[in-house]
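Structural features, examined
For reference, the chains in residue letters:
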Amino acid sequence: MKKSLFVLGLFAILAISCGKTGSTGCTPAPVASEKAAMVKFCTDNNITYTEHPSGILYQIMNQGAGAPLNATSQVNAVYTGKLLNGVVFDAAATPVSFSLSGVIEGWTIGIPLVRRGGRIQLVIPSALAYSCVGNRSIPPNTPLYFDVTVN
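Here's what I pulled together on the structure shown here. Quick caveat, the model's predicted, so the values are computed rather than measured. (Residues numbered from 1 in each chain as written. Predicted model: local features only at pLDDT ≥ 70, side-chain atom pairs only at ≥ 80, totals over all residues. Heavy atoms only, no water.)

Glancing now at helix α2 (residues 31-44). Here α2 contains 14 residues, and its C-alpha end-to-end distance of 20 Å stays within 8% of the 20 Å for a straight helix at 1.5 Å per residue. Turning to α2, its buried residues are E34, M38, F41 and C42. Elements that come into contact with the buried residues of α2 comprise β2 (57-62), β3 (74-83), β5 (119-124) and β6 (144-150). Where α2 terminates, the next one or two residues include N46, which has phi positive at roughly 55°. (Helix = DSSP H or I, 4+ residues; strand = E, 2+ residues; numbered from the N terminus. Expected span 1.5 Å × (residues − 1). Buried < 20%, exposed > 50% of the residue type's maximum accessible area, 1.4 Å probe, protein only. Contact = heavy atoms within 4.5 Å.)

Put into structure tokens, the structure is as follows:
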């Protein structure tokens, strides 16, 4: 009986953790459920995209020639962030310095696809951005577009 309760309790813990609801009480939208909207955005905006295994759609505008980047690189970048309806929610016209380990997962994955001096357009599924929680002017479960130039 004790063994059965232990196994049942372990199964319940695993089932809860697989849902990734965490303390927010929400479940992130599956990448596949947002893909059609992301592809439409790319098509409507003449973005000839490549699909990353994570679900990010991207187009490298300029590969750059500087040092390679990784998930922990410190970078300077100018960027524009938009919702897929075209509304700009954030932008930096002068370089902003940050560590790729301290930004949304979509940037940690996408920005290292270029080198310093490179420019990339990223369409990021919500699960790799602000997920089901959202942030200030970003509604929950919202894929995002970024145009980023790494200095």
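All chains considered together, the criterion is met by 1 disulfide. With a sulfur-sulfur separation of 2.0 Å, C26 is cross-linked through a disulfide to C132. Judged by the sign of its S-S torsion, about 65°, the bond between C26 and C132 is right-handed. Linking C26 in the loop between α1 (2-18) and α2 with C132 in the loop between β5 and β6, this pair joins segments that are 106 residues apart in sequence. Residue classification places C26 among the buried positions, given a relative accessible area of 16%. (Disulfide = S-S within 2.5 Å.)

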